[in-house]
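# Coordinate inspection notes
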Amino acid sequence: MNETVPNIDRLALWALWIGMALAASMALVVIAGRLGQFAHERFLRRLTGRYGPIIERALRADADALDALVRSPSRHRLDIARLLIFPLVHDRSPDRIGATRDIIRAMSLVPLADRWLRSRWWWKRVPAVQTFGLLRFADRAPQLVAALDDSNADVRSAALDALADLHDPTTLTAIIVRMHDTSLHRGRRAAALAAFGAQCEGFLVELARVDPAHRLNYAKALTICGTERSRHMLCEWTADDREEVRAAAFEALARVGLDNRAAALAIAALESRDVHERAMAAAALHGWTGAGDGATRLARHLGDAWPVAVRAAQALQSMGAPGRAALQPYAAGTDQAGVLARQMLWEVEAWV
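All residue numbers refer to positions counted from 1 along the written sequence of the respective chain. Selection of residues for local features in this predicted model requires a pLDDT of at least 70, selection of side-chain atom pairs for listing and counting requires 80 or more, and totals for whole chains, interfaces and linings are taken over all residues. Hydrogens and waters are ignored; side-chain quantities use all the structure's heavy atoms.

### Focus: the overall build of the chain
The line we're drawing: Put simply, DSSP marks the helices as runs of H or I at least four residues long and the strands as runs of E at least two long, and each gets a number from the N terminus on. A radius of gyration in this sense is built from C-alpha atoms; the matching globule rule multiplies 2.2 Å by the number of residues raised to 0.38. Note on classification: 1.4 Å probe, protein chains only; a residue is buried when its accessible area is under 20% of the maximum for its type, exposed when over 50%, partly exposed between these limits. When checking whether two residues touch, look at their non-hydrogen atoms; a contact exists if any pair is within 4.5 Å. Method for areas: the Shrake-Rupley scheme with a 1.4 Å probe, in which residue coverage is limited to the protein chains shown. In summary, the charge assignment counts Lys and Arg as positive and Asp and Glu as negative, without counting His or the chain termini. Charged side chains are reduced to one point each, which is NZ for Lys, CZ for Arg, CG for Asp and CD for Glu.
Within the chain, the secondary structure is distributed over 20 helices and zero strands. Here the C-alpha radius of gyration of the chain, 30 Å, is well above what a compact globule of 352 residues would show, namely 20 Å. With the C-alpha coordinates of the chain rotated into their principal frame, the extents come out at 85 × 80 × 50 Å. When burial is assessed residue by residue, the chain has 43% of its 352 residues classed as buried. Pairs at least 24 residues apart make up 63% of the contacts formed inside the chain by residues separated by at least 6 positions. Per element, the accessible surface of the chain, about 19,100 Å² overall, is 57% carbon and sulfur. In the chain, which carries 44 positive and 39 negative side-chain charges, the distance between the mean positions of the two groups comes to 7 Å.

### Focus: the environment of Cys225
Topologically, Cys225 is positioned in helix H12 (residues 215–225). On the basis of relative accessibility, which here comes to 0%, the residue Cys225 falls in the buried class. Sequence separation between Cys225 and Trp121 is 104 residues; the distance between their C-alpha atoms is 36 Å. Ignoring anything within four residues of it in the chain, the contact list for Cys225 reads Gly197, Ala198, Cys200, Glu201, Leu204 and Arg255.

### Looking at the packing of aromatic side chains
Here is the rule we go by: Two aromatic rings from Phe, Tyr or Trp, using only the six-membered ring of Trp, form a pair when their centres are within 6.5 Å; if the ring planes differ by under 30 degrees the pair is stacked, by over 60 it is edge-to-face, and anything between is tilted.
According to the stated counting rule, one finds two aromatic pairs in the structure shown. Both rings, one in Trp121 and one in Trp123, keep their centres 6.3 Å apart while their planes meet at 25 degrees; by these two values the pair is stacked. Pairing Phe132 with Phe137 gives two aromatic rings, centres 5.6 Å apart and planes at 80 degrees, and the pair type is edge-to-face. Neither Phe132 nor Phe137 differs from the other in exposure class; each is buried.

Right, here's the structure in full:
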């Protein structure tokens, strides 16, 4: 027993020293990382100060500035490329894109981007994909489409963004097919469809006819790029067995616009048991002043569940005189319907 106690003390002491060593190592790693980041940021500031004005002159077709970029040290090339390319995220003017593309070619950076696109390291493939998309290298469209099947999710997402930037109609089929790929961010998939707009609609409609299992996704897509061409099919989907599909169909009809048949379906759907379907039906009636008793039926839902009530109130406000007439009887109430009615009427008066 007496021999065991010193052994335990020695083990505890060793554990203490090991723990202190690990903590010190981790602190050194963090400090080194912070110092490295500080040094890199300082380097980028100096580089920006040195090459920023030269880049601006080169973009304005200054031959001397372009020559200075071409003769820049190879160790600076990638950072200069970032200074050229990253502003294109916010400035998509064709003149700037064309000028940047010419500079990148003059600096012989395109072969480097091609090599990075074939790299086994995903963090090299991502900037290569972004470069070809932002600079609209149409001849690299097949490589960008192939990158949609990359093993890395970041590369696949970058490829989808790049194809949206490229805006090449020949890639549209590949983009739409990936609409069901849940490994891609939903916002990115929506942005890719929005980049092409109504060009997507025809192929979406064709796919929807043969793939009813994904009807919800197609309806959501048509809220982004649908036109009156889709209205007949969307009206059919309002009778789907799935509540979420019916709600999405009415959401898409709100974008596409109503005719008498669609309006009648939306008015009838205000009595659905599903809150989301009632809300989307109310939203679809926004601005409708045609056939049917839409204003009267909407007014009955000012006291409904909040998502329904708000959209009903907004739809009534958008209907002009018929909507105001339907709101007036509820404006004196102290309940939810009264509050919404007064708010909508006050906003109309404030806008006049």
